[in-house]
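Commentary on secondary and tertiary structure
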Protein chains: 8
Amino acid sequence: MEVQDILQKVKNGEMSVEEAERFLRRQPFDEMGYAKLDMHRKVRSGFAEVIYCSGKADDHLLHIFQHLYEAEGEVLGTRASVHQYELIREKYPEVIYDPLSRIIKIEKEGKEHIGDIAVCTAGTADIPVAEEAAQTAEFFGSKVHRVYDVGVSGIHRLLYNMEEIQSANCVIAVAGMEGALASVIGGLVDKPVIAVPTSVGYGANLNGLSALLTMINSCANGIAVVNIDNGYGAGYIATQINRLGVGGKK
Amino acid sequence: MEVQDILQKVKNGEMSVEEAERFLRRQPFDEMGYAKLDMHRKVRSGFAEVIYCSGKADDHLLHIFQHLYEAEGEVLGTRASVHQYELIREKYPEVIYDPLSRIIKIEKEGKEHIGDIAVCTAGTADIPVAEEAAQTAEFFGSKVHRVYDVGVSGIHRLLYNMEEIQSANCVIAVAGMEGALASVIGGLVDKPVIAVPTSVGYGANLNGLSALLTMINSCANGIAVVNIDNGYGAGYIATQINRLGVGGKK
Amino acid sequence: MEVQDILQKVKNGEMSVEEAERFLRRQPFDEMGYAKLDMHRKVRSGFAEVIYCSGKADDHLLHIFQHLYEAEGEVLGTRASVHQYELIREKYPEVIYDPLSRIIKIEKEGKEHIGDIAVCTAGTADIPVAEEAAQTAEFFGSKVHRVYDVGVSGIHRLLYNMEEIQSANCVIAVAGMEGALASVIGGLVDKPVIAVPTSVGYGANLNGLSALLTMINSCANGIAVVNIDNGYGAGYIATQINRLGVGGKK
Amino acid sequence: MEVQDILQKVKNGEMSVEEAERFLRRQPFDEMGYAKLDMHRKVRSGFAEVIYCSGKADDHLLHIFQHLYEAEGEVLGTRASVHQYELIREKYPEVIYDPLSRIIKIEKEGKEHIGDIAVCTAGTADIPVAEEAAQTAEFFGSKVHRVYDVGVSGIHRLLYNMEEIQSANCVIAVAGMEGALASVIGGLVDKPVIAVPTSVGYGANLNGLSALLTMINSCANGIAVVNIDNGYGAGYIATQINRLGVGGKK
Amino acid sequence: MEVQDILQKVKNGEMSVEEAERFLRRQPFDEMGYAKLDMHRKVRSGFAEVIYCSGKADDHLLHIFQHLYEAEGEVLGTRASVHQYELIREKYPEVIYDPLSRIIKIEKEGKEHIGDIAVCTAGTADIPVAEEAAQTAEFFGSKVHRVYDVGVSGIHRLLYNMEEIQSANCVIAVAGMEGALASVIGGLVDKPVIAVPTSVGYGANLNGLSALLTMINSCANGIAVVNIDNGYGAGYIATQINRLGVGGKK
Amino acid sequence: MEVQDILQKVKNGEMSVEEAERFLRRQPFDEMGYAKLDMHRKVRSGFAEVIYCSGKADDHLLHIFQHLYEAEGEVLGTRASVHQYELIREKYPEVIYDPLSRIIKIEKEGKEHIGDIAVCTAGTADIPVAEEAAQTAEFFGSKVHRVYDVGVSGIHRLLYNMEEIQSANCVIAVAGMEGALASVIGGLVDKPVIAVPTSVGYGANLNGLSALLTMINSCANGIAVVNIDNGYGAGYIATQINRLGVGGKK
Amino acid sequence: MEVQDILQKVKNGEMSVEEAERFLRRQPFDEMGYAKLDMHRKVRSGFAEVIYCSGKADDHLLHIFQHLYEAEGEVLGTRASVHQYELIREKYPEVIYDPLSRIIKIEKEGKEHIGDIAVCTAGTADIPVAEEAAQTAEFFGSKVHRVYDVGVSGIHRLLYNMEEIQSANCVIAVAGMEGALASVIGGLVDKPVIAVPTSVGYGANLNGLSALLTMINSCANGIAVVNIDNGYGAGYIATQINRLGVGGKK
Amino acid sequence: MEVQDILQKVKNGEMSVEEAERFLRRQPFDEMGYAKLDMHRKVRSGFAEVIYCSGKADDHLLHIFQHLYEAEGEVLGTRASVHQYELIREKYPEVIYDPLSRIIKIEKEGKEHIGDIAVCTAGTADIPVAEEAAQTAEFFGSKVHRVYDVGVSGIHRLLYNMEEIQSANCVIAVAGMEGALASVIGGLVDKPVIAVPTSVGYGANLNGLSALLTMINSCANGIAVVNIDNGYGAGYIATQINRLGVGGKK
């Protein structure tokens with residue numbers, strides 16, 4: 001309902017001044033005291049609200065989980081601990097937990113997965129972050145191809161898998177240590193590459209800052225970067241891009 | 001021509017062993033001694049090679065410009081100086097130079113501009129970077145809307161222009177100082193936001209590093225970041241995304 | 001008693017040279033061996049001394065607590081552990097501990113709360129720091145409004161609460177991750193904003209340094225910044241400002 | 001005019017739907033193509049818009065200066081060059097320029113200066129930043145006391161001037177090198193201290209970052225920090241505080 | 001024995017060629033396989049070798065302790081754990097351990113303490129580092145005055161104790177957080193000040209780096225800085241200076 | 001087999017098109033689902049693949065260990081925990097574990113060790129990293145001399161051992177704290193020095209970054225640097241250099 | 001004159017109350033409007049005030065120079081430009097300027113130089129900083145030995161000069177690049193070493209920060225560090241130490 | 001001549017005590033007042049001393065150049081300006097200057113070049129640093145292959161040239177921006193790779209620090225790193241390695 005519509009209704013007497021004011025000032029979120037859940041989010045952005053579980057108190061987590069589940073019929077949580085999984089499982093035995101990516105979820109059945117996102121990692125230690133990206137994208141309805149352990153120190157492993165990577169609408173390149181994977185992929189595909197630096201490594205890797213700098217300074221075109229270990233963020237924006245490639249939101 | 005095709009031709013005697021070997025090993029670039037121009041680039045990626053003019057010697061610049069112009073009939077150069085403009089203008093009087101964005105170009109006439117990219121800036125000092133992004137995207141065939149000087153310290157200026165921003169396939173958010181613009185836009189649109197930190201500011205802005213960190217740590221979803229002042233990179237990846245939104249490369 | 005008064009008394013023989021010297025050199029603190037408690041503090045600044053509990057040895061903490069309690073009839077301690085709470089409770093059963101803000105206190109009854117300070121947070125994870133700020137301000141006699149979880153990625157939540165924020169004498173803006181909240185609030189109010197970066201976030205948040213840089217570089221006017229997670233410091237200076245707004249110390 | 005008032009007028013027929021919509025969506029800034037001047041600023045915040053001259057193109061600067069002058073009858077510009085002064089003086093011979101603080105202004109005559117702000121510097125090299133702070137505060141109607149060259153390496157100079165500093169509503173402490181001045185003042189006054197780190201120094205001063213860190217980590221209470229060399233920002237927030245101390249905006 | 005003496009002896013036949021070569025190449029340390037103990041150290045520098053206990057394996061620590069004890073009749077160890085204390089106490093029941101400074105030692109009786117070193121701290125949390133400095137200096141024969149909790153946020157505490165500080169041959173200033181203590185003392189004494197930054201603080205203190213930068217950038221003269229928390233190093237160089245003040249090594 | 005050979009065979013009908021294509025595209029690694037083991041590595045580089053044990057899941061580690069053991073008859077693992085040692089020992093009782101360097105291995109008997117690499121450390125705390133380097137080099141067939149605890153603060157210890165160091169084909173200099181060892185050795189030998197910064201130290205050592213910077217900025221020639229604590233990397237490149245010195249790979 | 005003396009005089013009527021108050025509150029500096037010259041400095045510290053010329057306005061510099069010259073009969077200025085030299089020379093033709101160290105001075109004739117300070121540099125590029133240190137120490141009455149270009153990459157040059165260095169009361173070690181000189185000297189002398197990092201070098205020297213970190217982390221004892229390029233500060237504290245070694249101030 | 005020989009001669013009376021002492025203490029460098037030229041260097045290391053021209057005074061440079069030329073008959077200088085070239089050319093018309101690499105030299109004729117070093121660059125902007133490396137290696141007698149503009153964003157350019165790179169004894173990988181080249185080459189060759197980060201790039205490249213971090217954190221084996229833009233250092237150590245590969249120094 002647009003502003004003009006409302007004003008017209010007020011003029012016509014179909015709506016009282018008080019109603020109109022309430023509407024124009026309406027709170028598009030649920031006040032939970034300690035939090036304001038954004039319930040208009042799915043309408044506004046095409047993505048339902050997701051729970052960042054890390055550090056949430058038990059009762060808050062359970063409360064929010066329930067709230068979102070009732071509204072959407074499915075819930076996605078990231079960075080969940082085993083303890084949090086056990087907590088939620090007591091109430092929702094159907095909940096699924098992946099200890100690698102630390103994703104917890106109840107997902108609607110029969111969800112269609114559209115388009116194509118390729119998720120690549122440099123090494124095996126980058127897989128937890130990659131899985132957070134992949135499973136986030138899948139939850140939001142994207143089809144995902146996983147191409148793991150194709151780091152640049154053995155470039156033949158990457159080249160061998162290029163066809164699969166080149167056919168995606170968007171590539172997620174996950175790498176720690178020196179983070180060179182994104183640049184090499186960026187030079188070989190014609191679609192956007194979302195680079196995810198990871199904290200994998202030691203010493204001068206500066207907990208992932210080094211990989212982040214590598215990716216930000218990439219000499220290849222078509223690369224943009226998200227925060228260190230932010231698989232969720234990569235899966236989210238890759239889904240936005242993938243939806244554009246498919247031809248519209250689902 | 002695929003590997004299989006070539007091998008088939010060799011088998012059929014349509015191609016000699018030597019020819020086939022040459023093809024399989026063919027150099028997909030022009031060796032210029034000091035540089036290797038990537039002439040297959042447009043085929044591979046849908047984007048012609050672009051000249052990063054800063055620091056190029058006069059004769060190298062002229063030589064490369066000519067080489068690309070002959071191959072494509074148009075050329076885009078970034079970070080060009082007035083001196084470089086005058087140098088090229090002597091040979092190509094039709095060349096166009098924009099001192100603000102420092103873009104130099106000869107562009108084919110009647111180019112169609114498709115889709116929609118919104119380029120936003122926080123302040124007026126961010127406009128040179130924004131123009132590099134906008135003109136790059138336009139050169140590669142994107143339609144661009146400019147929404148400048150809508151920084152978060154006067155949020156009403158941004159809100160007033162939201163409709164225009166929300167209708168784009170991709171938003172480029174250009175901001176220096178504290179770089180908060182990307183987060184606010186990210187919360188208001190449902191399309192990918194490419195954040196460009198700029199070196200605008202002083203003191204603890206650390207020449208743009210502070211804005212970069214702000215954008216990388218954004219609490220909003222759907223944001224990915226390019227290098228400080230990298231308008232070109234933002235215009236490039238935004239064009240890739242915009243093409244997906246329109247439904248295919250042009 | 002001013003220097004001139006003392007000298008006059010010496011001249012008049014009302015005070016001996018020794019007495020005068022002692023007075024002029026008097027120690028305005030209590031020597032406890034390991035510490036020098038500033039007992040003139042309340043007279044000098046209008047604020048009683050507060051205990052920073054973190055890392056204090058059990059006997060030192062207890063000793064200082066008792067010393068201050070006897071002098072003032074109330075005590076405020078910050079960053080207290082559960083263990084420290086239990087320790088003090090044994091002797092002072094009336095002591096109150098808030099595990100969220102980690103504030104421990106015995107407070108005089110019937111304290112009047114004056115003026116108006118708004119304490120805002122970007123997310124729910126910033127609440128512990130915000131509570132340290134709010135409860136510090138309340139202990140020192142300020143009235144406080146809490147406006148939590150109004151981060152810029154959902155700007156409507158902030159705008160919805162603006163009236164409440166705009167009516168305060170001073171606003172405390174608490175935010176981690178990219179810390180953009182302070183800039184947006186700074187552009188919407190006409191009173192001083194004290195910005196508190198928090199260590200909430202991960203990766204390139206650099207344990208709060210990123211949010212600190214955002215706030216220091218803010219493009220909005222009327223913002224000044226305290227240390228990362230320093231809720232106490234924000235509550236203190238906000239109370240100073242609030243007292244000015246009310247019209248004098250209480 | 002509040003939303004309710006407008007809606008009431010629409011109901012009463014005193015205002016057409018179109019008028020009301022225009023008003024509710026009205027642009028509270030002047031669109032100048034390259035900039036959006038915030039003309040409601042004075043109403044909203046009690047401070048007129050100020051020009052940050054550094055890097056502005058000649059015609060833009062002149063245009064903005066004229067625009068603000070016509071609206072307010074006075075203008076304040078910061079970080080102005082001699083060239084910019086000469087440019088503006090051609091059109092406005094009454095304009096005043098201070099090469100030390102680089103402030104340029106036309107100011108209404110007979111302006112009343114209220115309250116009391118003390119501006120202190122550690123050394124003589126910090127004076128340009130201090131003057132930017134002092135003259136900004138004066139332009140906005142504050143009375144200012146200057147106490148310069150009272151750095152902590154000669155603490156007697158500071159103690160000698162304490163009475164003057166202690167009587168202010170707000171103290172601005174400007175210091176480069178190790179930036180210890182703010183802590184010492186913070187311990188001696190009962191009013192808010194706005195600390196301004198400067199880039200004065202060399203070597204490990206990191207262009208002022210070192211002084212900024214000192215001030216942010218201050219062990220004294222009642223201190224908040226603005227950006228390196230940001231005299232303007234300090235003068236602004238100090239004026240907000242000073243106005244509270246005086247008892248209301250002027 | 002100088003080179004010339006040896007050669008003369010060889011010439012005179014008082015020393016064989018082999019003996020002389022052995023001497024000229026003699027190993028001025030004890031090879032222990034995993035370590036080379038510097039047994040000439042006391043002769044060369046006037047200070048016996050000290051054990052940095054942190055991270056030493058049990059058998060290595062015990063072995064080195066015994067080796068040094070047999071050579072010197074006394075031993076000093078720094079950064080020792082309670083476990084290491086218990087380990088050594090089994091063999092040397094007379095060993096003394098201070099859990100605050102983490103110093104472990106057997107010291108010769110009746111040691112004379114000469115000269116005067118003042119050890120000052122800003123707060124109580126800096127005392128462990130200060131004690132490492134003080135006890136190191138005492139072990140090496142210096143007289144030490146402790147002046148603790150005299151940080152600059154309550155400058156009167158420092159001024160009250162100045163006479164005691166000013167009479168020392170060398171002052172050690174120990175401070176964390178913003179580390180301003182060294183500058184203020186530097187301006188008040190005419191002897192060298194050794195500044196020791198500590199890791200005390202939180203947030204932007206960067207684990208002591210901030211205090212280190214403050215001290216390195218001090219505007220006061222006569223200040224030099226050692227590593228963060230390096231009480232031992234400060235006690236060592238202060239003893240060197242103190243010995244000069246007394247008039248020779250003891 | 002070269003490309004030309006394959007094509008010739010295709011022409012001659014000795015190889016089908018399908019076989020040739022498969023060969024040209026052959027995967028030179030073993031796909032294990034979660035990892036791609038580089039089985040051509042020894043042929044390509046003269047070094048078999050090594051396991052970086054840290055963080056590997058139990059079943060993955062065991063699986064990879066077995067896979068490599070079957071292929072090569074020996075295996076080297078770095079950064080192994082005691083738990084991982086016990087895990088592997090259950091299946092391979094002959095496995096050897098060194099808790100100092102955390103190297104785990106099964107090594108072929110009677111391996112010849114060629115050439116000469118000198119591994120030096122500044123202190124005893126650097127030995128774990130040095131042993132990782134030394135044992136890596138030995139596993140790959142290099143003869144190694146260990147020269148430990150020869151840091152520059154007692155330069156005579158280093159000079160005493162120079163002959164041994166100077167006779168090596170390559171020197172590995174391992175040092176934490178200020179990391180000056182590499183520069184001094186670099187000035188005394190005529191062979192390449194591989195510098196390994198370690199995280200040994202505290203305070204401003206920045207976990208080894210300080211030593212890394214020292215080594216990278218070395219005023220001596222013939223020095224190149226690997227990552228902090230990267231003993232393995234140093235042992236690897238030193239073996240490459242040593243092999244060149246001996247006259248070819250073994 | 002002590003407080004007690006004054007009070008006694010007041011009691012005795014030898015001093016009026018007003019006189020006594022004036023004295024107790026007397027300003028121990030000359031107020032010059034823009035600066036407060038510390039005229040008691042020589043009495044308090046044994047060192048006259050020195051002018052840091054860099055950035056001083058012409059008239060201020062001249063004014064201060066004259067003021068100090070009249071008070072002391074000699075003046076020392078550091079970081080002076082050729083222009084400033086010419087300015088002062090007009091009025092004081094006897095002024096001496098050293099373009100290498102950028103020291104400007106008028107010095108009393110026949111000054112005695114006592115004790116012994118050794119000033120060492122790693123390379124020739126460090127000499128300007130070393131000369132600032134040496135000439136400062138000489139101005140304040142110290143005897144100085146210069147030992148230049150003895151960096152650790154050719155350790156024989158340093159060892160050859162050790163006797164000269166070992167006989168000093170204090171050693172100043174000036175080094176850029178990796179800054180290892182201080183550690184090596186620290187291990188060879190038994191007197192305090194003042195380490196001066198310089199900005200000499202390039203790349204990862206971070207304008208001297210790398211050398212500073214090296215020196216702060218030195219594994220040798222008896223080393224303390226001043227700011228990057230701070231020759232003046234080193235000369236000052238070395239003079240304090242040298243005076244102690246000689247047996248009192250001169 | 002060994003120590004034992006000298007002592008034997010003294011014993012035999014073939015050498016006086018004075019002669020022997022002089023020899024044992026002999027200064028293996030030429031004292032030039034401001035510098036100590038290392039004339040034993042070629043004997044000791046196989047490399048003659050080289051002049052780092054940047055910042056050298058005209059007369060010093062000329063003097064040193066002459067000194068080295070007379071000793072060796074050839075001279076190499078790095079980082080020379082055009083002015084310095086003109087200065088030297090006046091006296092030595094045969095001197096050769098390369099403005100790209102800024103190398104100045106007089107070289108003996110008919111020098112043999114042995115072995116094989118491959119010098120690779122990522123882009124054309126890295127060529128000046130690469131030429132410094134290549135020409136240094138050539139001056140010291142190495143044969144060099146240049147493979148320029150083979151950055152990883154167009155990986156086919158690199159693969160096309162791999163054979164040439166793989167046949168070298170040592171590879172120098174020169175790259176700015178994200179610096180990924182070294183990792184990719186490291187995975188493709190079996191010889192040592194010396195990585196040279198360059199300051200090429202902008203924004204978050206941090207003047208080359210970002211490329212340095214990339215290279216230090218490389219996931220590939222056989223890589224060691226020199227300082228940013230340090231082509232000379234890379235050419236030097238690569239020559240050491242190349243000489244080992246050829247089978248001895250020349």
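These lines cover the structure that appears in this document, whether it is placed above or below. All values reported here derive from a predicted model rather than from experimental measurement. (Residues numbered from 1 in each chain as written. Chains lettered and ligands numbered in written order. Predicted model: local features only at pLDDT ≥ 70, side-chain atom pairs only at ≥ 80, totals over all residues. Heavy atoms only, no water.)

1. With respect to the relation of the copies chain D and chain C
Least-squares fitting of chain D to chain C yields an RMSD of 0.2 Å, with the superposition described by an axial translation of 0.1 Å and a rotation of 180°. In the structure described here, the two chain copies are related by an operation that fits a two-fold rotation axis. A share of 100% of interface residues in chain D that are also interface residues in chain C marks the association as one of identical surfaces. (Least-squares fit on C-alpha atoms with pLDDT ≥ 70 in both. Contact = heavy atoms within 4.5 Å.)

2. Notes on the interface of chain A and chain B
Put simply, an interface is often sized by how much accessible area is lost when its parts join up. On the chain B side, the residues contacting the 28 residues of chain A number 28 residues. Both sides together, the interface formed by chain A and chain B hides about 2,600 Å², and carbon and sulfur atoms give 59% of it. Between the two partners, chain A and chain B, sit 0 salt bridges. Seen at the junction of chain A and chain B, the total is 7 residue pairs in polar contact (both at pLDDT 80 or more). Put simply, the parts of the chain that give the side of chain A that touches chain B at least two residues each are α3 (41–45), β10 (193–197), α10 (209–216), β11 (223–225) and α11 (231–246) of chain A. The element best represented in the side of chain A that touches chain B is α11(A), accounting for 7 residues. Its residues placed into classes, the side of chain A that touches chain B shows 14 nonpolar, 9 polar and 5 charged. (Buried area = accessible area lost by both parts, 1.4 Å probe. Salt bridge = Lys/Arg side-chain N within 4 Å of Asp/Glu carboxyl O. Polar contact = N/O pair within 3.5 Å; in protein donor to acceptor, adjacent residues only side chain to side chain. Helix = DSSP H or I, 4+ residues; strand = E, 2+ residues; numbered from the N terminus. Nonpolar A, V, L, I, M, F, W, Y, C, P; charged D, E, K, R; others polar.)

3. Comments concerning the pairing of strand β9 (residues 170–175) of chain D
Residue and element names in this part refer to chain D. Burial analysis of β9 places 6 of its 6 residues in the buried class, the great majority of the element. Burial of β9 is two-sided: the residues C170, I172 and V174 facing one way and the residues V171, A173 and A175 facing the other way are all buried. The sheet contact formed by strand β7 (residues 114–121) and β9 spans 5 bridges and is parallel. By the bridge assignment, T121 is partnered in β9 with V174. Handedness of the crossover joining β9 and strand β10 (residues 193–197) through helix α9 (residues 181–186): right-handed. (Buried < 20%, exposed > 50% of the residue type's maximum accessible area, 1.4 Å probe, protein only. Pairing = 2+ DSSP bridges. Right-handed = clockwise from strand over helix to strand, strands pointing away.)

4. Examining the relation of the copies chain A and chain B
Least-squares fitting of chain A to chain B yields an RMSD of 0.2 Å, with the transformation described by 0.1 Å of translation along the axis and a rotation of 180°. Interface residue correspondence from chain A to chain B reaches 100%, placing this contact among same-surface, isologous pairings.

Treat this as a map of the structure, not an account of what it does.
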